[in-house]
Amino acid sequence: MLRAKFAVLLAILLIALACFGSAYQANPKLVVILIIDQFRGDYLERYHSEFGANGFRLFTDRGAYFPACYFQYANTRTAPGHATIGTGAYSPAHGIFSNEWWDRTQKRMVSSVEDNATKLIGAEVEGVGSSPHNLLADTIGDELRLATQGQSRVYGISLKDRGAILPIGFSANGAFWIDRDSGAWVTSTYYMDTPPRWLLAFNGGDSAKKYLNLEWKDTDGTLLASTKPHNFDNGKPVSYFELVGSTPFGNDYEFDFARELIQEEKLGNGTVTDLLLISLSANDILGHMVGPDDPSMHAMALALDRQIADFVGFLNQQFGQGQFWLALTADHGVAPTQATDKQLKLPLATPSDGGLRGQLNNDLGAKLHKSGDYVRSVSYPIVFVNTEAFPPNMSAGEAEAQVAEAMKSEGFLNAFTKEQMGNGELPPTALGHIYLNSYSPYGGAWVMGVPMPFIYAATTKAIAEHGAPYSYDQHVPLAFYGPAFKPGVYRDQVEPIDLAPTLAVMLGLNKPTSSTGNVLTEAISQRFEESGPAVSPPKHRPAKEAHP
Ligand SMILES: [Zn+2]
């Protein structure tokens, strides 16, 4: 009798304990953050009835699901999106406002992560490595590492370097991405001097090759794509990144690598919580080629649903149910194609021959009575300004203002200069707030345009684009799954910057240095709320530590 009572008590205690979160107690053992590159929030609703029980519906039906999650900034691109999710803050705080920008000292465009002080390692590739050296704020991964004094292991995976690096921050144990041509997994000397043996073995086997020469068919058996190696019209071979990366096999390849990493690095087997971030790039690579409403994007979402279910099955097998937490979001959405816009009578871009850069240079040449290279580069809708081409008595801010005027005459609704944005001289409107959140000190002189809704670069070769301050680019999924989360559909509008501070409080950590997001308390399970996180100091801490 007494023994039975004790057993019941013990069971209740164990269930309650399972709901607590404490990074210091390895509860959960592992947190996995899934970021799907270019995955609009409405896809989860659009395809909901076709999803299986254990993929996306794990999040929408059995997790804490926020169907109205919107980025509140204008620069809806991959690098800013990933940095924003990890830091729980927008561009003025973390600095990453574009995938690439003008570097004053090197006098060229640089990517958000390339780092001359590092080298690529892991495969037979030569070249400059990548690192988080441009980040100006730390991440949820950094806070986990700080709290556990480096005991927690933190890793990032993506087909793209920026996708693997930016959301996990400075102190991560490793970030892995692929060499575009061969598909081999690489990292940089920022993280380690020599690649782990398991990485070389993974690259040495047929891990990449097995996804070549495959046919991707939808559920009806219609051929959607083949990964048979071939050349572009100009004779250049199509890279592994584009060939395999634009099919669900790209996601398979990433999940294969994630499984290998978990097993080889023994993630989730320590005395503290570990963190793995997986940024799934395939959706973005295909999305640009065909647009969001193409049947192949539909098939890609259904394939990813099954792939997520398989991966969760693997996690269950490795760690047991309730021993890991999952978070799901995306770095940005995407605009419909021009064909869809036309069909539904939405605004259409006017195609132009010379491209925006040429047009702006012509306009400014006419206005300033001297032809010149006033615009260095366009990363739509950001225009990088060559201040040296302007008259010597003109300040950088004045040169930016000239370019902004020219942009308005080329059809932008408005254009804000970097100087305006840095000084907070923006209209006190919702749009002004969005552009305030898009500022960065990087990139020399530049101007950020406000395009008309549905209108993106007429200069780009892609069929579909993102990078605008509108709902279709800002709307992303946000959902959590695990015993600490209260299942439900929470329809208040939230932001991706809420993910990091929510995980931080549930793990008993400081939030990232510059995070301005909210804690999504409605998503925290009742038992967790009542008892609070079970915080106790890390076991390795010396007994007689001085506390000033
Ligand atoms: Zn993209």
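Residues numbered from 1 in each chain as written. Predicted model: local features only at pLDDT ≥ 70, side-chain atom pairs only at ≥ 80, totals over all residues. Heavy atoms only, no water.

J.: Would you explain the side chain of His466 in this entry?
T.: Counting through the fold element by element, His466 comes out in the loop between strand 18 (445-450) and helix 18 (471-474). On the accessibility criterion, His466 (5% relative accessible area) is buried. There is a polar contact of 2.9 Å between the side chain of His466 and the backbone oxygen of Thr76. If sequence neighbours within four positions are ignored, His466 has contacts with Gln38, Thr76, Arg77, Thr78, Asp284, His288, His332, Gly333, Val334 and Asp473. (Helix = DSSP H or I, 4+ residues; strand = E, 2+ residues; numbered from the N terminus. Buried < 20%, exposed > 50% of the residue type's maximum accessible area, 1.4 Å probe, protein only. Polar contact = N/O pair within 3.5 Å; in protein donor to acceptor, adjacent residues only side chain to side chain. Contact = heavy atoms within 4.5 Å.)

J.: What should I look at first to understand the sheet that holds strand 8 (residues 154-158) in this one?
T.: Pairing between sheet strands relies on hydrogen bonds along the backbone, with the strands arranged either parallel or antiparallel. Taken in spatial order, the 11 strands line up as 7-6-10-9-8-13-1-14-20-2-21 in an open sheet, and their pairing is mixed. The open sheet has two edge strands, strand 7 (128-130) and strand 21 (488-489), and neither has a second partner. Both strand 8 and strand 13 (residues 274-280) contribute to a ladder of five bridges, which runs parallel. When the bridges of strand 13 are listed, Ile157 appears paired with Ile278. (Pairing = 2+ DSSP bridges.)

J.: Could you clarify how one ought to interpret the coordination of the zinc ion in this entry?
T.: Where a metal carries four tetrahedral donors, each ideal angle is 109.5 degrees; where it carries six octahedral donors, the ideal angles are 90 or 180 degrees. Distances from the zinc ion to its protein donors, namely Asp284 (OD), Asp284 (OD), His288 (NE2) and His466 (NE2), fall within the range 2.0 to 2.6 Å. Of note is the zinc ion, whose four donor atoms meet at the metal with angles of 54 to 157° in an arrangement that counts as irregular. In primary-sequence terms, the residues that donate to the zinc ion follow D-x3-H-x177-H. Taken together, the positions of Asp284 in helix 11 (residues 282-290) and His466 in the loop between strand 18 and helix 18 put the pair 182 residues apart, joining distant regions of the chain. Taking the relative accessible area as the measure of exposure, Asp284 reaches 5% and is therefore buried. (Donors = N, O, S within 2.8 Å, 3.2 Å for Na, K, Ca; no water. Tetrahedral: all angles 85-135°; square planar, octahedral: opposite > 155°, others 65-115°.)

J.: Mind showing me how you'd approach helix 10 (residues 248-264) here?
T.: Along an α-helix, residues three or four apart share an orientation, since each turn contains 3.6 residues. Helix length check: helix 10, at 17 residues, gives a terminal C-alpha distance of 24 Å against a target of 24 Å (1.5 Å per residue), a fit within 8%. The buried fraction of helix 10 amounts to 12 of the 17 residues, a majority that puts the element mostly inside the structure. Directly beyond the C-terminal end of helix 10, a positive phi value near 55° is found at Lys266. (Expected span 1.5 Å × (residues − 1).)

J.: Before we go on, may I ask you to explain the pairing of strand 10 (residues 185-188) in this structure?
T.: The side chains of a regular strand alternate, first on one face of the sheet and then on the other. Of the two faces of strand 10, both are covered, the one formed by Trp185 and Thr187 as well as the one formed by Val186 and Ser188. As paired elements, strand 6 (residues 114-121) and strand 10 share two bridges and run antiparallel to each other. Within strand 10, the position partnered with Leu120 by the bridge is Ser188. The loop that links strand 9 (residues 174-178) with its antiparallel partner strand 10 comprises six residues; one of these, Gly183, has a positive phi angle of about 85°.

J.: Any chance you could explain the confidence of the model for the chain here in plain terms?
T.: Any region with low pLDDT has predicted coordinates that should not be read closely. Counting all residues, the mean pLDDT for the chain is 92, and 90% of those residues have values of 70 or more. pLDDT under 50 marks residues 534-548. Its contacts with residues more than four places away, or in other chains, come to 16 contacts. (pLDDT = per-residue confidence, 0-100.)

J.: What is the right way to read the environment of Phe170 from this model?
T.: On the secondary structure map, Phe170 appears in the loop between helix 7 (161-165) and strand 9. Assessed through its relative accessible area of 31%, Phe170 is described here as partly exposed. In this structure, the C-alpha to C-alpha distance between Phe170 and Ala137, residues 33 residues apart in sequence, is 9.2 Å. Ignoring anything within four residues of it in the chain, the contact list for Phe170 reads Pro132, Leu135, Ala137, Asp138, Asp142 and Tyr190.

J.: What am I meant to see in the sheet that holds strand 18 here?
T.: Here four strands make up an open sheet; going across it, the order is 15-16-18-17 and the pairing antiparallel. Edge positions in the sheet fall to strand 15 (375-379) and strand 17 (414-417), since each of these pairs with one other strand and no more. Neighbouring strand axes in the sheet, compared pairwise and without regard to direction, differ in orientation by 25° on average. When strand 15 meets strand 16 (residues 382-385), the two strands line up antiparallel, connected through four bridges. Bridge assignment links Ser379 to a residue of strand 16, and that residue is Ile382. Sheet contacts for helix 14 (residues 355-367): strand 15 and strand 16; angle to strand 15, the most-contacted strand, approximately 145°. Along the sheet, helix 15 (residues 396-409) makes contact with strand 15, strand 16, strand 17 and strand 18, crossing strand 18 at roughly 25°. (Axes fitted to C-alpha atoms, helices over the stretch in contact; angles between N-to-C directions.)

J.: What should I look at first to understand unusual backbone geometry in this one?
T.: Negative phi values dominate among residues other than glycine, just as trans dominates among peptide bonds. Of note, the amide linkage connecting Asn27 to Pro28 takes the cis form, showing an omega dihedral of 5°. Considering the arrangement of structural elements, one finds Pro28 in the loop between helix 1 (2-19) and strand 1 (30-36). Residues Tyr380 and Pro381 are joined by a peptide bond in cis, for which omega reads 0°. Tracing the chain through its elements places Pro381 in the loop between strand 15 and strand 16. Despite not being glycine, Asn213 shows a phi value in the positive range, around 60°. Mapped onto the elements of the fold, Asn213 is located in the loop between helix 8 (197-204) and strand 11 (215-217). Of note in this structure, Phe454 is not a glycine but carries a positive phi near 75°. Its location among the elements puts Phe454 in the loop between strand 18 and helix 18.

J.: Honestly, the packing of aromatic side chains in this entry has me stumped. Any pointers?
T.: The geometry of two aromatic rings is summed up by the distance between their centres and the angle between their planes. Taken as a whole and assessed by the stated rule, the structure comprises 35 aromatic pairs. Pairing Phe71 with Tyr73 gives two aromatic rings, centres 5.3 Å apart and planes at 20°, and the pair type is stacked. The pair Phe71 / Tyr73 is uniform in exposure class, with both members buried. With a centroid separation of 4.9 Å and 35° between ring planes, the pair formed by Phe255 and Phe311 is classed as tilted. (Phe/Tyr/Trp six-rings, centres within 6.5 Å; stacked < 30°, edge-to-face > 60°.)

J.: I keep staring at the pattern of salt bridges and nothing clicks. Help me out?
T.: Summed over all chains, the structure comprises 14 salt bridges. Residue Arg153 is joined to Asp274 by a salt bridge in which the shortest nitrogen-to-oxygen separation is 3.0 Å. On the criterion of sequence distance, the pair formed by Arg153 in the loop between helix 6 (140-147) and strand 8 and Asp274 in strand 13 is long-range, its members being 121 residues apart. Overall, Arg153 belongs to the buried group, its relative accessible area being 19%. Overlapping salt bridges, with partners in common, bring together Asp37, Lys160 and Asp284 in one network. (Salt bridge = Lys/Arg side-chain N within 4 Å of Asp/Glu carboxyl O.)

J.: It is not clear to me how the pairing of strand 4 (residues 100-103) should be interpreted in this structure. Could you clarify?
T.: Note that strand 4 and strand 5 (residues 108-111) share four bridges and pair antiparallel. The residue bridging Asp103 from the neighbouring strand is Arg108, located in strand 5.

J.: Is there a simple way to explain the packing of helix 10 against helix 12 (residues 295-319) in this structure?
T.: The relative placement of two packed helices comes down to the angle between their axes together with the axis-to-axis distance. Helix 12 packs onto helix 10 with a crossing angle of 10° between their chain directions and a minimal axis gap of 10 Å. Here helix 10 lies roughly parallel to helix 12, going by the angle between them. Between helix 10 and helix 12, the contacting residues are Pro248, Asn251, Asp252, Phe255, Ala258, Arg259, Ile262 and Gln263 on the first element and Met300, Ala303, Leu304, Gln307, Ile308, Asp310, Phe311, Phe314, Leu315, Gln318 and Phe319 on the second. When the residues that make up the contact of helix 10 with helix 12 are grouped by side-chain class, the tally is 12 nonpolar, four polar and three charged. (Parallel < 35°, antiparallel > 145°, perpendicular 65-115°, else oblique. Nonpolar A, V, L, I, M, F, W, Y, C, P; charged D, E, K, R; others polar.)

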